[in-house]
Amino acid sequence: MIVRDFNELKTTDRAVADADWTSVRMLLADDKMGFSFHITTLKAGSDHTFHYKHHFESVYCISGNGHITELDNGTRHEIKPGVMYALNLHDHHRLVAGDEDLVMACCFNPPVTGTEVHREDGSYAPAEDLEKA
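Presented here is a report on the structure given in the accompanying data block. (Residues numbered from 1 in each chain as written. Predicted model: local features only at pLDDT ≥ 70, side-chain atom pairs only at ≥ 80, totals over all residues. Heavy atoms only, no water.)

1. Thoughts on the sheet that holds strand 2 (residues 21-27)
The sheet built from six strands is open, its strands ordered 1-2-3-10-5-8 with antiparallel pairing. The open sheet is flanked by strand 1 (15-17) and strand 8 (84-86), the only strands paired with a single partner. Averaged over neighbouring strand pairs, the angle between their axes works out to 20° when direction is ignored. Relative to strand 10 (residues 102-109), strand 3 (residues 36-42) runs antiparallel, the two sharing seven bridges. Of the residues in strand 10, the one forming a bridge with L42 is L102. (Pairing = 2+ DSSP bridges. Helix = DSSP H or I, 4+ residues; strand = E, 2+ residues; numbered from the N terminus. Axes fitted to C-alpha atoms, helices over the stretch in contact; angles between N-to-C directions.)

2. Notes on the packing of aromatic side chains
Considering all chains together, one arrives at two aromatic pairs under this definition. Between F50 and Y52, the aromatic rings sit 5.6 Å apart at their centres with planes inclined by 15°, giving stacked as the arrangement. Residue F50 shares its accessibility class with Y52, and that shared class is buried. Among the aromatic residues, ring-to-ring pairing joins F50, Y52 and F108 into one connected group. (Phe/Tyr/Trp six-rings, centres within 6.5 Å; stacked < 30°, edge-to-face > 60°. Buried < 20%, exposed > 50% of the residue type's maximum accessible area, 1.4 Å probe, protein only.)

3. So, the sheet that holds strand 4 (residues 47-51)
With antiparallel pairing, the four strands of this open sheet are ordered in space as 4-9-6-7. Both edges of this open sheet fall to strand 4 and strand 7 (76-79), since each of them pairs with a single strand only. Direction aside, neighbouring strands of the sheet carry axes that sit 20° apart on average. In the sheet, strand 4 pairs with strand 9 (residues 92-97) via five bridges, with the strands oriented antiparallel. Looking at strand 9, one finds that H51 is bridged to H92.

4. What to know about the nonpolar core
Core analysis: the largest hydrophobic core is formed by 19 residues, its most contacted members being L42, I79, Y85, L95, L102 and M104. At the level of secondary structure, the elements contributing two or more residues to this core comprise strand 5 (56-63), strand 9 and strand 10. With four residues, strand 10 is the largest single contributor of residues to this core. Setting aside residues no more than four positions away along its own chain, L42 makes contact with D20, W21, H48, L95, A97, D101 and L102. Within the second largest apolar cluster, six residues are counted, among which are V24, I39, V103 and A105. (Core = buried A, V, L, I, M, F, W, Y, C linked by side-chain atoms within 4.5 Å. Contact = heavy atoms within 4.5 Å.)

5. Remarks on the pattern of salt bridges
Once their charged atoms are close, side chains differing in charge can pair, the charge on each being opposite to the other. The final tally for this structure, using the stated rule, is four salt bridges. Across the pair D31 and R14 runs a salt bridge, and its minimum N-O distance is 3.6 Å. Remark: R14 occurs in the loop between helix 1 (6-9) and strand 1 and D31 occurs in the loop between strand 2 and strand 3; sequence separation between them is 17 residues. Here R14 falls in the buried class, since its relative accessible area comes to 14%. Notably, a salt bridge pairs R94 with D47, separated by 2.4 Å at the nearest N-O pair. Placement of the pair is R94 in strand 9 and D47 in strand 4, with a sequence separation of 47 residues. (Salt bridge = Lys/Arg side-chain N within 4 Å of Asp/Glu carboxyl O.)

6. Digging into the pairing of strand 2
By the criterion of burial, strand 2 is predominantly enclosed, with six of the seven residues buried. Here strand 1 runs beside strand 2; their pairing, made up of three bridges, is antiparallel. Each bridged residue has a counterpart across the sheet, and for A17 the counterpart in strand 2 is T22. Turn length for the strand 1-strand 2 hairpin, with the two strands adjacent in sequence and antiparallel, is three residues. Relative to strand 3, strand 2 runs antiparallel, the two being bridged by six bridges. The residue of strand 3 that forms the bridge with L27 is F37.

Nothing here speaks to function; it is geometry throughout.
Next comes the structure, spelled out in structure tokens:
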């Protein structure tokens, strides 16, 4: 059994951040669960464009507010506590945090390793490329 405490992990190398977001990677590929699980906080007012071409992601809003726009068709969805979205078609999307930080629980399949960085196109490299590195 794996038991981890978010409050302990947020001060370790499992906490990855840039200026506008922090992601605490609670489960990673080396945990051999078949998915990774993160608690990600997007800074209020921040604007992000992602396109996970090699990963599926599901996201559940714990707190905060914002919106997500499907960039292929312009459809906009409000994000608030209790809302879940799933990128089942590797959807190219724009996620904007509102006037509060967005705190989200995220699952990725295939799981991330913890060393990924967003590429210029908003994606992560395929898992097999990371294994070769």
